[in-house]
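Chain and residue survey
The residues making up each chain are set out below.
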Amino acid sequence: MRKYMADRVVPAGRVRRKTPARDIPEISQPTNEKAGQTLTGWRFNLLGVLFFLAGMMIIIQLVRLQFSPERGEFVSQGDLYSRTLHIFSPPRGDIYDRWGHLLAGSTLVYELGAQVENVENPDTIAFALSKVLVGHPEYDYPGYYDDVFAVIHSAQISDTAYVQLADFVTPQELDQLQDWSRNYVNLPNVDYGKAGRPSLAGIVYRPRLQRYYPENELGANFLGFVNREGTGVYGVEAEFNDLLAGTPQSIWISLDPYQVTEIPELKAGSDLVLTIDREIQAAAEEVLDQGIEASGADGGVVLVMDPNTGEMLAMASTPRLDPNEFWNYAEVFKDKTPYNRAVSADYEPGSVFKVLTMAAALDAGVVTPDTEYVDTGSIYVGGINIHNWDWGAWGPQNMEECLAHSLNVCLAWVATEMEAGPFYQYMQDFGFGQYTGIDLAAEAAGRLKIPGDTDWYEADLGTNAFGQGVAVTPIQMVMAISSVANGRGEMMIPHVMHSLVRDGFQYTPTPQIMGKPISAETAATLTQMLSDSLESESSDALVEGYRVAGKTGTAEIATPTGYTGDATNASFVGWGPLDNPRFLVYVWLEKPTSSPWGSVVAAPVFHNLVERLVVLMDIPPDGVLQGLSNQ
Amino acid sequence: MENLHQITHAYSQAPWRKQMYMIGVILLVLVSAAIIAGIYLNVTARAAAAGRQIQEMQVRIYGYHNLTADASGSSLPIEELEQRIANLTSQLAFLTSYQVMQERIKELDLEPIEVTNIEYLQVPGYVDRQTTSLAPPPEPVVVNASGIAPEFKESLFDWIAEQVRITARYFSEAKP
């Protein structure tokens, strides 16, 4: 019994154990409990199966979507709402003249738009913009009010978030709009009828920089301009567009706050310091305009170069456009008029070309200053008779007199003495028919016909010698004659960029030599000859107190039916002071009407400019300089 | 062995222990998951808040301003300040432009000087006007000879002598 009891006395927790006792009959579980367990298990299993099926369906759907034809559309929709594309443009670099005067900078303008859901009264917005933006040609038209209203209204209907309403709004115009906006906010709360309460709510703006030229038209021809798209057009702006504009960056900015995109640090555009002297540029433009007015010319060019380095100190050309209002381009430049005649217009230069013919002949040793030529009034070259400008015979002439009297016959004879091969080799060495490499956009190469070309004839040798039958640009003439003017025989590449400011450093390239077509002795001899010839002719180009060398040029203009005597190109090239040349000036007046002769219309332009140049460049008169050096 | 069997048997046959065990495990998993979720939520919430702040700042810099907002506030982003500086620089350039200066010259009744009115003096040490300098020139690249490894410039005898010197120094330092 004790044993039995001992066997029966067990902890309470073990009452329902399944271990069968040897002497105790097995206590079986009730049937209803088993049934309940089976029922619960069935329900759990069913639930599990349902969950499994649901999960499988989701997975199948996900896989199906990945390979469905609509996948691309879903992805693009997701991208559309998950990120936005922003284009960051760094500020455009500034352009300065050689003394640090700002020629091209930046000014604030605003883009104006409407956040449509905040717009309370489209009518007021349309009215305000049509009244305030009257200074903009693109917004100053009768239907602008209706257009603005329609844009906002359609945006409201189509649930568009933002619409742009105007661009290039000035700070003054924005101030005016802000004043209007504040006034509307302070209006009393009364019934405004069908029109509704006036409000400019919903208008937003964003500032950005726009190109600005504080000197307006001054230097416009070499500066060029920047269009609405921010691209440089013509001149320095086009030539150095990549450097000035910097590197714009396009970035997709995620709207997910977990994927904040870093805004890149934009590398600003490089600043440029030009070789141009603002004061000399202004003087050149004034003198050119006066010369054109006095001569009745169609247009003209005045170039000022430092012949020692090739630095362009001034580059004046007509017509001129205010680059701040570049949209007037078509009105200013009619009939394919080049933006900058100095580099883009080629013409037959006439007798100024004789400087180079004589330089070649002297350098080749074909003639000396004392070589005598008996001018009979005509010379037969390649089947044509060449005559002097006055159709006269000048008799025995040395080379200096040939230049002084600008005798076509004499120079044609010089060229024939040289023969075609050497003559054209020299002309090619002077850079004709090729680009000078000046750092300005839209340069023309001109045309130099040479033996072997289908359109070259032997007569060309005679006419080319005095600057006809050859097409050159003023900048080519300046580069070629720099070899004579600097006294070294080295031809300097003309350039307008003095230095480049980038990454906190100022880089100044060394002036480049294009070549050395003539010797220093030839250059000195020819300079002396041209100086003496100017003085012997009492030229209008002479400047009191300063010895200068120079040559006039008058060229008939070629037409489809031959050369016309009704219109000429009048030119003058000169340089000085002779002891230490500091400037080389080139003048071209197109179709002057008061007189066809370069000596009458172009030489005074040179004189007037040099009188101002010597003051602006601090060049003492020769006598003063000699006196000071003797002290 | 019998005891172990009994214990195992005893525990395996106690459903409440099994339930307690399962509940404990589930609770442990749940609590762990809750802790991890809490930490995760905390971190991600802070990251999201920081992200939103950055986005707001970016919008303030590059986004649109309300017409009624005060644009002359003191908390302008650097980019906008630079834009204003560029604008002021251009305005200053206009005020000192050639055309405006000519008008001021006329107002002051000044005349451009003629070459005949200039008196020239010799000034010892006078430096001519220099072209503008907006920034220093780039530093010249100097090849430092000391930066060249000895292997590229010493002779074989130099190398042997150096090795001997190093070895001698090593033994001298090793002395007590």
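Criteria and thresholds
Residues numbered from 1 in each chain as written. Chains lettered and ligands numbered in written order. Predicted model: local features only at pLDDT ≥ 70, side-chain atom pairs only at ≥ 80, totals over all residues. Helix = DSSP H or I, 4+ residues; strand = E, 2+ residues; numbered from the N terminus. Rg over C-alpha atoms; globule rule 2.2 N^0.38 Å. Buried ≥ 20, exposed ≤ 12 C-beta atoms within 10 Å, placed from the backbone. Contact = placed C-beta atoms within 7 Å. Axes fitted to C-alpha atoms, helices over the stretch in contact; angles between N-to-C directions. Parallel < 35°, antiparallel > 145°, perpendicular 65-115°, else oblique. Left-handed = near helix turned anticlockwise from the far one by under 90°. Nonpolar A, V, L, I, M, F, W, Y, C, P; charged D, E, K, R; others polar. Core = buried A, V, L, I, M, F, W, Y, C linked by C-beta atoms within 7 Å. Domains from an automatic or database assignment. Pairing = 2+ DSSP bridges.

1. Details of the overall build of chain A
A tally of helices and strands in chain A yields 22 helices and 22 strands. Here the C-alpha atoms of chain A give a radius of gyration of 42 Å, more than 25% beyond the 25 Å that 2.2 N^0.38 yields for 631 residues. Residue burial in chain A is summarised as follows: out of 631 residues, 44% are buried. For chain A, restricting intrachain contacts to residue pairs at least 6 apart in sequence, the fraction spanning at least 24 positions comes to 72%.

2. Structural notes on the packing of helix 10 (residues 278–295) of chain A against helix 21 (residues 603–616) of chain A
Residue and element names in this part refer to chain A. One can describe the packing of helix 10 onto helix 21 by two numbers: an axis separation of 9 Å at closest approach and a directional angle of 160°. The angle between helix 10 and helix 21 places the two elements in the roughly antiparallel class. The chirality of how helix 10 crosses helix 21 is right-handed. Contacts from Glu279, Ile280, Ala283, Ala284, Val287, Leu288 and Gly291 in helix 10 reach Val605, Asn608, Leu609, Arg612, Leu613 and Leu616 in helix 21. Residues belonging to the contact of helix 10 with helix 21 are distributed by class as follows: nine nonpolar, two polar and two charged.

3. With respect to the nonpolar core
Soluble globular proteins: nonpolar side chains tend toward being buried together. Residue and element names in this part refer to chain A. Ranked by internal contacts, the top residues of the largest apolar core, which has 135 residues, are Val302, Leu303 and Val585. In this structure Val302 touches Ala284, Val287, Leu288, Ala314, Ala316, Val587, Val605 and Leu609, once residues within four positions along its chain are discounted. Residues Ala114, Val116, Val119 and Leu200 belong to the second largest nonpolar core, which totals 28 residues.

4. Describing the environment of Ser539(A)
All names here are of chain A. Within the secondary structure layout, Ser539 lies in the loop between helix 19 (520–536) and strand 20 (549–559). Residue Ser539 is classed as buried on the basis of its C-beta count, with 21 C-beta atoms lying within 10 Å. For the pair formed by Ser539 and Leu65, sequence separation is 474 residues and the distance between their alpha carbons is 90 Å.

5. Notes on the domain arrangement of chain B
The domain boundaries assigned to chain B delineate domain 1 (2–62) and domain 2 (78–114). If you average the C-alpha positions of domain 1 of chain B and of domain 2 of chain B, the two centres end up 71 Å apart.

6. A closer look at the interface of chain A and chain B
Across the boundary between the two partners, chain A contributes 57 residues, which contact 43 residues of chain B. Broken down by element, the residue count for the side of chain A that touches chain B peaks at seven residues, all from strand 5 (residues 203–212) of chain A. Two elements, strand 5 of chain A and strand 1 (residues 65–66) of chain B, share two bridges in a ladder whose sense is antiparallel. The partner of Tyr205(A) across the bridge, within strand 1 of chain B, is His65(B).

7. Here we look at the sheet that holds strand 21 (residues 562–576) of chain A
Either a parallel or an antiparallel arrangement is found when strands of a sheet pair, and the pairing is made through backbone hydrogen bonds. Residues and elements named next belong to chain A. Across the sheet, five strands lie side by side as 11-10-22-21-20; this open sheet has antiparallel pairing. Every other strand in the sheet has two partners, leaving strand 11 (311–317) and strand 20 as the edge strands with one partner each. Put simply, the sheet's adjacent strands are angled 15° from each other on average, direction ignored. For strand 21 and strand 22 (residues 583–590), the ladder comprises eight bridges, and the chain directions are antiparallel. Across the sheet, Val573 pairs through a bridge with Tyr586, a residue of strand 22. Each of strand 10 (299–306), strand 20, strand 21 and strand 22 touches helix 21; the most contacted strand, strand 22, lies at about 145° to it.

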